[in-house]
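Results of the structural survey
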Amino acid sequence: MPPWTVASETGRLTEVLLCPPDHYRWIPSNAIARRTLAAGRQPDLQGLQAQHRELVGALEQAGVQVHRLPPEPHLPYMAYTRDSVVVTHRGPVLCQLERPQRRGEYAPLLDWHAAQGSRFWRKSSAGTLEGGDVHILRPGLAVIGASGGRTDLAGAEQLAGWLRTEDWEVRIEPFDEHFLHLDVLFCMAAPGLAVACLEALPEEFAAWLGAHGVRCLPVSYRETMRLGCNILALGGDRVISAAESRDLNAALRAEGLTVLDPALALFTAGGGGPHCLTCPLARED
């Protein structure tokens, strides 16, 4: 069991934390969910649970041990386990969430990790920090998004400082808070390969990635707002990507990757896809 560590987004995923969507509902806390609610749509609990089981099935098919965080009725977005804790090469970092509807998530995460014998390496205390903005590209290299809407500059700088004392190179990337988290715009797929909405990201960021040997498969703005970029690398040239992202999935397969594609439309309508719904606890690099 613990200590859990993650030194890259693309190492072989061995353990992950999910939270069943028993109390999940769409809340108007991001542009994607607001658009869904404005269209008059309503979530279906049985459908949500069925899609979440598809995600669990894909992870187990890939040989990943799935841990489950008990959901709390008053915390509907606990299903997006990515944001509350970031696991680093030194262990878990407890995040400080921005939205009032999510701030209480710290308490069950503290209890769960304590029950597992897991110790936090650090606890975010400056500004706000959310896991969907943190991307560990490879050992020693990370990027942290800072939109000011979820992760702000103070929160990003605090985590970057901790990593820099470990001799990591860390880039802090500003972006428009319309996109919620950086993982709506960018995710790693495999070593040296990412998916990204290049039309919404600065050219300087793409150039920085290229200088570090990371090539990007482009995803359109329309598909990005359907969470097309929000994929989960499993390691071993395998990824999880929502079934609805057909064009991207075809492009990933053309790159030689195996794509596991559970249907996740009821979650992406609320602002989160496979990356958001999973908190990697352990990866092998």
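Structure first, text after, so check above.
Reading the values: the criteria
Residues numbered from 1 in each chain as written. Predicted model: local features only at pLDDT ≥ 70, side-chain atom pairs only at ≥ 80, totals over all residues. Heavy atoms only, no water. 1 Å grid on protein atoms, 1.4 Å probe; cavity = no way out; pocket = protein on both sides within 12 Å on 5 of 7 lines; lining within 4 Å. Points joined across faces, edges and corners; volume = space filled by probe spheres on them. Helix = DSSP H or I, 4+ residues; strand = E, 2+ residues; numbered from the N terminus. Nonpolar A, V, L, I, M, F, W, Y, C, P; charged D, E, K, R; others polar. Expected span 1.5 Å × (residues − 1). Buried < 20%, exposed > 50% of the residue type's maximum accessible area, 1.4 Å probe, protein only. Contact = heavy atoms within 4.5 Å. Pairing = 2+ DSSP bridges. Axes fitted to C-alpha atoms, helices over the stretch in contact; angles between N-to-C directions. Right-handed = clockwise from strand over helix to strand, strands pointing away.

**Quick look at the layout of surface pockets**
Its volume calculated, the largest pocket comes out at about 280 Å³. Surrounding the largest pocket, 16 residues form its lining, Arg35, Arg41, Arg226, Thr268 and Ala269 being those nearest its centre. Breaking the lining of the largest pocket down by element, the ones donating at least two residues are helix 1 (31-38) and helix 8 (265-268). In terms of residue count, the dominant contributor to the lining of the largest pocket is helix 1 (three residues). When its residues are assigned to classes, the lining of the largest pocket shows six nonpolar, four polar and six charged.

**A short note on helix 2 (residues 45-61)**
With 17 residues, helix 2 extends 24 Å between its outermost C-alpha atoms, agreeing within 8% with the 24 Å of an ideal straight helix rising 1.5 Å per residue. Of the residues making up helix 2, those classed as buried are Gly47, Leu48, Gln51, His52, Leu55, Val56, Ala58 and Leu59. Packed against the buried residues of helix 2 are strand 1 (12-18), strand 2 (65-68), strand 12 (232-233), strand 13 (238-240), strand 14 (258-260) and helix 8. Downstream of helix 2 by a residue or two, Gly63 has a phi angle that is positive, lying close to 85°.

**A word on the sheet that holds strand 10 (residues 193-196)**
Overall, mixed pairing links the three strands, which are arranged 9-10-11 in an open sheet. Each having just a single partner strand, strand 9 (186-190) and strand 11 (215-218) make up the two edges of the open sheet. Averaged over neighbouring strand pairs, the angle between their axes works out to 35° when direction is ignored. One ladder, built from four bridges, connects strand 9 with strand 10; its direction is antiparallel. Bridge pairing in strand 10 links Met188 to Ala194.

**A word on the pairing of strand 4 (residues 91-94)**
In this sheet, strand 4 lies alongside strand 3 (residues 85-88) in antiparallel orientation, the contact comprising four bridges. Within strand 4, the position partnered with Val86 by the bridge is Val93. Counting the residues that bridge the hairpin from strand 3 to strand 4 gives two residues. In terms of strand pairing, strand 4 meets strand 5 (residues 122-123) through two bridges, oriented parallel. Of the residues in strand 5, the one forming a bridge with Val93 is Arg122. A crossover connection joins strand 4 to the parallel strand 5 through helix 3 (residues 106-115); in handedness this β-α-β unit is right-handed.

**A few points about empty space enclosed by the protein**
The rolling of a water-molecule-sized probe over the atoms marks out the regions of remaining empty space. Throughout the structure, instances matching the rule amount to three cavities of 30 Å³ or more. Of the voids in this model, the largest cavity is the one considered here, and its volume is about 120 Å³. As for the largest cavity, its lining consists of 14 residues, and the residues nearest its centre are Glu9, Arg82, Val86, Val87 and Pro280. Counting residues per element, the ones that place at least two in the lining of the largest cavity are strand 3, strand 6 (134-138) and strand 15 (279-284). Of the residues belonging to the lining of the largest cavity, the class tally is eight nonpolar, three polar and three charged. Each pocket or cavity is described by its volume, and for the second largest cavity that value is around 60 Å³.

**Digging into the sheet that holds strand 3**
Pairing within the open sheet is mixed, and its three strands lie in the order 3-4-5. The sheet is open, and its two edges are formed by strand 3 and strand 5, each paired on a single side. In the packing of helix 3 onto the sheet, contacts are made with strand 3, strand 4 and strand 5, and the angle to strand 4 comes to roughly 155°.

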